[in-house]
Amino acid sequence: MRTISGLLFFLGRRFSLFGIDGAMQSMPASAWAHDDKHGSAAGARARSARSAPEVAARSAAGGGAFRIGALHPCPLLARAGRAQRGGTLWQRCALSPAAFRCASSRKACRVSLLIVAAILLLPGTASAQMHQHDHGTAQGCTEPILACATKVTPTFVPDGSLLVAFAAGGHVLVARSTDLGRTFTPSVAVNAQPMRLDSGPDARPKIVVTREGRIVVAFGTFKDSAFNGQVFMSYSRDGGATFAPPQPLTADQESQRFETVALDVDGSVFFAWLDKRNRAPAKLRGESYAGAALAFAWSKDGGASAWETRIAYDNTCECCRLGVAFTGPGRPVVLFRKIFEGGIRDHAVVTFSDPTTPGPIRRVSVDDWRIDACPHHGPSLAIAADGTYHAAWYTNSRTRRGLFYARSADEGASFSAPMAIGAADRRASNPALLAMNGGVWLAWKEFDGEETAVKVMVSRDNGVTFTAPVTAARTAQASDHPLLISNGHQVFLSWMSEGEGYRLLPLEDAP
Amino acid sequence: MTKRPLLALLALCMVPPNLARAGDLQPFMRGSWQDIRHTHDGQPMVVHFWGLTCGPCRVEMPQWGALLAERPDLALVTINADLVSNEQASAAAMLTKSGLATAENWIFRDSFVERLRYEIDPQWQGEIPLTMLIARDGGVTTLEGVADLAQVRDWLDRQAEASR
């Protein structure tokens, strides 16, 4: 036992097993250097973080919302820890102890090292625990801060500042930047208590801001072990200082996922999502039911409440995000992967004739991707001022594989021949479209086996022809989907990657 | 820094001998695919990719369990490649329930999933279920979506005949 005690003492001294605090004092210079070398927004945050440790103060108002410090040393440390590629959490703790001295990471390290100690004491009985991870710790970063986010959704506010909604540590958080993403105010949590957020690749918190400055947020959660989903919405009337307690978007208890939020010109908020409420009744009738349904609801009070849910169509693919845009006031357009006859999962577009009347289903392209599987790879839709629809999507049929783009000048009644996007041998994926001032921007990811690149191309003739793709950003670690955003004057690529943190990169000037 | 070799040695000593115990899932990380291919080199192998959030997968898993019980010549490797990261215990429970606890079971454990998929098949974007029939000579037949197990049986028969 003396040997074991000695070992535990050694581990405790070396890795804060028994709680050595003062992380700032004992942190090695290399932990900073890892971040500083990028010299960008992340680097700027790193430098300011030196003099501004954790800021944490409870907000008195706002239904229990609270502030969490954005200028926190942990993201840098945790990121340094994650840079130790491969290995389980306890291995990373051992390899990079300095990276795990922040509150939750320290706790995770303690737990993992205790497991190691248990394995030493009871060899062969704890092997199952060796590879036990929860969602958060698999990423090695569970702090509710921007640097720990895997998904970041941006939006510009009428005053020109940028808001981002992101998920980290079981919270959906909102932060504001007044310098185009270089620095952010302390994040504000939308959900006071951590929730089991939908962590699928096509899930992300949604955020829109009305002309009056009211912020509307929506996000998906898993409510049981079978991954049934529930969508919540919240709002802020004070510019994001506090958020109302999240409310279910619909009272129905069947699974809901892949919500999308879009803002109409009059300030009405349009919610569309995939909903499984029609599945059980169909089965009771002895009918088969493929996929989910395209559901929608409106909020006329800035996200405080939503109108009754309506089902536009049954039999959508149940695991792909939606593309939503407006073709006129009260006329949303939804692009989605539908399950056509014979289990073919191709894309369709629905144009609403008024706020509650979805028009006919129109097929974007006959790809004939017959598959009984979950692609988790949804489309993107943009509508230009002249009403032209721009659609981009992924398919993997025998005749058509990869990313494709098409346009429609007749509200989706017909689309141009699909145009292949990106390098065929580089897994082009996750397209994003933006139309503004006669220009159309298209961004996507490519992966060459080592690095992920975000490619961008622009059309100056409303989607008839595009420029050659250029590389806008790269990473050699995990990354979010690329998103395009505009402040009305300029187009930006918004991209979160594990190694580099959040980036808002201006693209070329509008044509 | 000087203590790290000692720690590495310490970590090595801690690896228990029964890592691949029934019901355990091995962490699939960078290089794991090459390790699996190397381990089974020269022998026919069926690799099945699945996930708990994938409805078709949950229906298909017990069928694989039945096939494993039926065919002693089936070298089955399952890889949990769910696009929503699965917890180890839940994945293990599903494997056990499906009669697959004795298969060689792995689970994705790297946030950079694009790289994991690329090592397996540069064209694969992550759709599951997915099955790969890997022949003695290394030739790969990919079955997208729910596999037709009659096709798998035929393939196993052909592999057995080829070895005679």
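For the structure, see preceding data.
Residues numbered from 1 in each chain as written. Chains lettered and ligands numbered in written order. Predicted model: local features only at pLDDT ≥ 70, side-chain atom pairs only at ≥ 80, totals over all residues. Heavy atoms only, no water.

**Considerations on the overall build of chain B**
No. 1: The secondary structure content of chain B amounts to six helices and six strands.
No. 2: Shown N-terminal to C-terminal, the secondary structure of chain B runs as helices and strands in the order α-β-α-β-α-β-α-β-α-β-β-α.
No. 3: Considering chain B as a whole, with its 164 residues, one finds that 54% of them fall into the buried category.
No. 4: Across chain B, every contact between residues at least 6 apart in sequence was considered, and the portion connecting residues at least 24 apart equals 73%.
No. 5: Carbon and sulfur atoms make up 55% of the accessible area of chain B, which totals about 7000 Å². (Helix = DSSP H or I, 4+ residues; strand = E, 2+ residues; numbered from the N terminus. Buried < 20%, exposed > 50% of the residue type's maximum accessible area, 1.4 Å probe, protein only. Contact = heavy atoms within 4.5 Å. Areas by Shrake-Rupley, 256 points an atom, 1.4 Å probe, with all protein chains shown as cover.)

**Thoughts on the nonpolar core**
No. 1: Judged by nonpolar contacts, the single largest core of 49 residues is most densely connected at Phe 28, Trp 33, Val 47, Phe 49, Trp 64, Ile 79 and Val 152 of chain B.
No. 2: Counting 24 residues, the second-largest nonpolar core is a separate cluster that includes Ala 262, Trp 298, Leu 322 and Phe 340 of chain A. (Core = buried A, V, L, I, M, F, W, Y, C linked by side-chain atoms within 4.5 Å.)

**What to know about the packing of aromatic side chains**
No. 1: Under the counting rule described, the total for this entry stands at 19 aromatic pairs over all chains.
No. 2: Measuring from ring centre to ring centre gives 5.5 Å for Phe 156 of chain A and Phe 492 of chain A, while their planes differ by 50 degrees; the resulting arrangement is tilted. Of this pair, Phe 156 of chain A sits in strand β2 (residues 152-156) while Phe 492 of chain A sits in strand β27 (residues 491-497), and the two are 336 residues apart along the sequence. Accessibility classification places Phe 156 of chain A together with Phe 492 of chain A in one group, the buried group.
No. 3: Their ring planes at 70 degrees and their centres at 5.4 Å tell us that Phe 447 of chain A and Phe 112 of chain B sit as a pair that is edge-to-face. Of this pair, Phe 447 of chain A sits in strand β23 (residues 439-447) while Phe 112 of chain B sits in the loop between β4 (104-108) and α5 (113-120), which puts the two residues in different chains.
No. 4: Note on Phe 447 of chain A: relative accessible area 2%, which makes it buried.
No. 5: Counting every residue linked through ring pairs, the aromatic cluster contains Phe 270, Phe 296, Trp 298, Phe 326 and Phe 352 of chain A. (Phe/Tyr/Trp six-rings, centres within 6.5 Å; stacked < 30°, edge-to-face > 60°.)

**As for helix α4 (residues 88-97) of chain B**
All names here are of chain B.
No. 1: Every buried residue belonging to α4 is among Gln 88, Ala 91, Ala 92, Met 94 and Leu 95, and all of these are buried. Each buried residue of α4 sits inside an arc of 160 degrees when the element is viewed along its axis, so together they form one side.
No. 2: Two residues or fewer after α4 comes Gly 99, characterised by a positive phi angle close to 75 degrees. (Arc of directions from axis to C-beta.)

**Concerning the sheet that holds strand β2 (residues 45-50) of chain B**
Residues and elements named next belong to chain B.
No. 1: If you trace the six strands from one edge of the open sheet to the other, you get β1-β4-β3-β2-β5-β6, paired in mixed fashion. Edge positions in the sheet fall to β1 (26-28) and β6 (140-144), since each has one partner strand and no second. For this sheet, the mean angle separating the axes of adjacent strands, direction not counted, is 25 degrees.
No. 2: Direction of pairing for strand β5 (residues 130-134) relative to β6: antiparallel, over a ladder of five bridges. (Pairing = 2+ DSSP bridges. Axes fitted to C-alpha atoms, helices over the stretch in contact; angles between N-to-C directions.)

**Describing the side chain of Arg 257 of chain A**
No. 1: Take Arg 257 of chain A: it is sitting in strand β10 (residues 256-263).
No. 2: A distance of 2.7 Å separates polar atoms of two side chains, one belonging to Arg 257 of chain A and the other to Asp 198 of chain A.
No. 3: Excluding residues within four positions of it along the chain, Arg 257 of chain A makes contact with Asp 198, Gly 200, Phe 222, Phe 227, Gly 229, Val 231, Trp 273, Leu 274 and His 376 of chain A together with Val 84 of chain B. (Polar contact = N/O pair within 3.5 Å; in protein donor to acceptor, adjacent residues only side chain to side chain.)

**Notes on α5 of chain B**
No. 1: Counting buried residues along α5 of chain B, six of its eight residues qualify, which places the element largely inside the surrounding structure.
No. 2: Listing the buried residues of α5 of chain B in full gives Glu 114, Arg 115, Leu 116, Arg 117, Glu 119 and Ile 120 of chain B.
No. 3: Of the surrounding elements, those touching the buried residues of α5 of chain B are β23 of chain A together with β1, α2 (32-39), β2, β4 and β5 of chain B.

**A short note on the environment of Arg 58 of chain B**
All names here are of chain B.
No. 1: The topology assignment puts Arg 58 in helix α3 (residues 55-70).
No. 2: Beyond its immediate chain neighbours, meaning those up to four positions away, Arg 58 contacts Leu 52 and Met 94.
No. 3: One polar contact links the side chain of Arg 58 to the main-chain carbonyl oxygen of Leu 52, over a distance of 2.7 Å.

**A look at the pairing of β27 of chain A**
Residues and elements named next belong to chain A.
No. 1: For β27, the tally of buried residues reaches seven of seven residues, placing the bulk of the element in the interior.
No. 2: Here β27 shows a buried face lined by Val 491, Leu 493, Trp 495 and Ser 497 and a second buried face lined by Phe 492, Ser 494 and Met 496.
No. 3: Here strand β26 (residues 483-486) runs beside β27; their pairing, made up of four bridges, is antiparallel. Along β27, the bridge assignment pairs Ser 486 with Val 491.
No. 4: The hairpin formed by β26 and β27 contains four residues between the paired strands, and Gly 488 there has a positive phi angle of roughly 95 degrees.
No. 5: Bridge count between β27 and strand β28 (residues 501-506): six bridges; the pairing is antiparallel. Paired with Phe 492 across the bridge in β28 is Pro 506.
No. 6: What sits between the antiparallel neighbours β27 and β28 is a turn of three residues.

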